[in-house]
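Okay, here's what each chain looks like letter by letter:
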Amino acid sequence: MTAHPADSGPPHTPPMRTIGELRAALTLGYGFPGDADDFEAELAREINHADPADLSGVVRLVEEFRGRIIARQDPGFDAAVAAAVAEIRAARGTAR
């Protein structure tokens, strides 16, 4: 998998208390490749289509990208994905 900030030492989750901090974390490479651009595009879409009295879509989006950063910083994440891919490949190989 690609290198990310957690590769340089113990896992570290950046502060994400505000949208600004979340943006900074994504811009610095926490999360997955392309997440910073995806977040900005989806945030703009949510804001442009949101009822001013209901910003639940924005809240959902912030929670999703916080979760993506946390998952990406988990040292066992890459191993779990690799194991899942191996299981899927094995299942497909036996099903054919």
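Above this text is the structure in question.
Remember, predicted model here, so these are calculated numbers, not experimental data. (Residues numbered from 1 in each chain as written. Predicted model: local features only at pLDDT ≥ 70, side-chain atom pairs only at ≥ 80, totals over all residues. Heavy atoms only, no water.)

### Points about the overall build of the protein chain
So, step 1. The number of helices and strands found in the protein chain is four helices and zero strands.
So, step 2. In the protein chain, the succession of α and β elements from N to C terminus is α-α-α-α.
So, step 3. Taken across its 96 residues, the protein chain has 21% of its residues classed as buried.
So, step 4. Sequence separation of at least 24 residues holds for 62% of the intrachain contacts in the protein chain that already meet a minimum separation of 6.
So, step 5. Accessible area for the protein chain stands at about 6,400 Å²; split by element, carbon and sulfur atoms hold 58% of it. (Helix = DSSP H or I, 4+ residues; strand = E, 2+ residues; numbered from the N terminus. Buried < 20%, exposed > 50% of the residue type's maximum accessible area, 1.4 Å probe, protein only. Contact = heavy atoms within 4.5 Å. Areas by Shrake-Rupley, 256 points an atom, 1.4 Å probe, with all protein chains shown as cover.)

### Some thoughts on the pattern of salt bridges
So, step 1. Summed over all chains, the structure comprises six salt bridges.
So, step 2. Two residues, glutamate 21 and arginine 17, come together in a salt bridge whose shortest N-O distance is 3.0 Å.
So, step 3. We classify glutamate 21 as partly exposed; its relative accessible area is 21%.
So, step 4. Among the ionic pairs, arginine 68 bridges to aspartate 35, the shortest N-O distance being 2.8 Å. Separated by 33 residues along the polypeptide, arginine 68 in helix α3 (residues 56-73) and aspartate 35 in helix α2 (residues 35-49) bring together distant segments of the chain.
So, step 5. Here aspartate 35 falls in the buried class, since its relative accessible area comes to 1%. (Salt bridge = Lys/Arg side-chain N within 4 Å of Asp/Glu carboxyl O.)

### Section: helix α1 (residues 19-27)
So, step 1. Restricting attention to buried positions, one finds in α1 the residues Leu22, Ala25 and Leu26. Here the buried residues of α1 occupy an arc of 95° about the axis, which is enough to place them on one side.
So, step 2. On the buried face of α1, the contacting elements are α2 and α3.
So, step 3. Phi for glycine 29, located one or two positions after α1, is positive at around 100°. (Arc of directions from axis to C-beta.)

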